[in-house]
Amino acid sequence: MSALTTSQSTSTSQPADATSQTKDGWSAALYGKAANFVYSSAFTSPVMNLLEPKSGERILDLGCGTGELTATLARAVGPDGYVSGVDASANMVAKAREVVAASRAETSHVPMAPVDLLVADAQTLQLSPEQEGTFDAVFSNATLHWCSRDPLAALQSAARALRPGGRFAAEMGGMGNCIGVRAAIHSALQRRGRDPAAVDPWFFPSVEEYSTLLTRAGFTIREISLVPRVTPLPEGLSGWLRMFAKHSFLGNLEEAEAEEIIKEVAEAMAVDCRDREGRWSMMYVRLRFSAVKEE
Ligand code: BEZ
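Cut-offs applied
- Residues numbered from 1 in each chain as written.
- Predicted model: local features only at pLDDT ≥ 70, side-chain atom pairs only at ≥ 80, totals over all residues.
- Heavy atoms only, no water.
- Near = heavy atom within 4 Å.
- Polar contact = N/O pair within 3.5 Å; in protein donor to acceptor, adjacent residues only side chain to side chain.
- Helix = DSSP H or I, 4+ residues; strand = E, 2+ residues; numbered from the N terminus.
- Nonpolar A, V, L, I, M, F, W, Y, C, P; charged D, E, K, R; others polar.
- Core = buried A, V, L, I, M, F, W, Y, C linked by side-chain atoms within 4.5 Å.
- Buried < 20%, exposed > 50% of the residue type's maximum accessible area, 1.4 Å probe, protein only.
- Contact = heavy atoms within 4.5 Å.
- Salt bridge = Lys/Arg side-chain N within 4 Å of Asp/Glu carboxyl O.

## As for the site of the ligand
The environment of the ligand is formed by Ala142, His145, Trp146, Gly173, Asn177, Cys178, Trp202, Phe204, Trp240, Phe244, Tyr284 and Arg286. Measuring from an oxygen atom of the ligand, one finds a side-chain N or O atom of Asn177 at 2.7 Å. At 2.6 Å, a side-chain N or O of Arg286 approaches an oxygen atom of the ligand. Secondary-structure elements contributing two or more residues to the shell around the ligand are helix 9 (236–244) and strand 7 (281–293). A per-class count over the shell around the ligand returns 8 nonpolar, 3 polar and 1 charged.

## Overview of the nonpolar core
Membership of the largest hydrophobic core comes to 33 residues, with the highest contact counts inside it found for Leu62, Leu144, Phe168, Tyr210, Phe219 and Phe289. Elements supplying a minimum of two residues to this core: strand 1 (58–62), strand 2 (82–87), strand 4 (135–141), helix 5 (151–161), strand 5 (162–173), helix 8 (207–216), strand 6 (219–232) and strand 7. Residues within four places of Tyr210 in sequence aside, it is in contact with Leu144, Leu155, Met172, Phe203, Pro205, Ile224, Leu287 and Phe289. If you look at the next biggest cluster of nonpolar residues, it comprises 32 residues, including Trp146, Leu241, Ala258 and Met269.

## Here's the deal with the pattern of salt bridges
Counted under the stated rule, the structure contains 18 salt bridges. The partner of Lys263 in a salt bridge is Glu267, and the shortest N-O contact between them spans 3.6 Å. With Lys263 and Glu267 both in helix 10 (residues 255–273) and 4 residues apart, the pair spans about one turn of that helix. Per residue, the accessibility class of Lys263 equals that of Glu267, and both read exposed.

Listed below in structure tokens is the structure:
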């Protein structure tokens with residue numbers, strides 16, 4: 001679920017990356033290990049419930065990542081509906097194609113909607129004239145905080161996709177997300193004479209800040225709130241940092257220095273993020289909202 005690159009294509013399947021991060025910085029395999037909570041039903045049911053997908057609807061999944069939720073949406077709208085998933089990472093989209101195809105094969109007793117998956121950054125998304133203004137709903141999970149370069153443009157993309165009265169339900173990192181960890185990364189970079197603000201990829205807005213943007217993009221807000229959530233880290237904080245910070249915050253550093261910072265941050269944060277039995281978790285704060293495109 002990313003918005004770091006700006007490529008846009010409808011290219012056909014390519015094998016998903018096995019273990020390492022690719023040139024767009026995202027490893028679908030690492031994502032499945034270090035961040036599978038992102039698409040677990042325990043964590044995604046609140047935003048899915050806000051969306052209320054209905055049979056026959058056309059839904060855009062903005063930041064589809066590895067496609068698990070795209071497949072859920074395709075089952076929810078059924079064979080008379082349609083789902084399009086977009087993600088800025090070609091590696092994620094390649095994995096999403098595999099996941100959606102496997103889900104279709106495994107659950108053939110639950111007919112799914114047709115699904116199109118394409119590489120596109122939410123901030124620069126250009127739908128075809130035939131698709132623009134035709135979606136009943138836009139869904140987005142764990143993506144919009146990556147749209148720090150132009151958050152308004154990402155919301156305008158959602159608005160352009162929707163028909164008048166169409167729904168937008170999303171969850172993203174909000175103010176206070178990754179509290180402590182983000183500050184520890186900043187400190188580690190500052191100590192090395194580097195400017196963390198220049199490489200910080202995240203936008204974790206307050207309710208007020210994001211409400212202003214949603215309204216400017218033409219949405220009427222139905223509900224919006226910040227929700228704290230302790231999030232388990234199956235690969236520890238180091239695994240999480242390798243997945244989510246190494247290609248952004250630490251992307252300009254040599255491997256050895258990046259790994260040194262990861263170790264330093266994990267050690268500094270252990271007091272807050274590791275329990276006595278050695279299990280790691282960290283505090284996420286979700287900004288969750290539902291809005292409607294003005295008629
Ligand atoms: C999030 O989903 O809140 C998140 C994911 C990765 C990095 C930062 C935040």
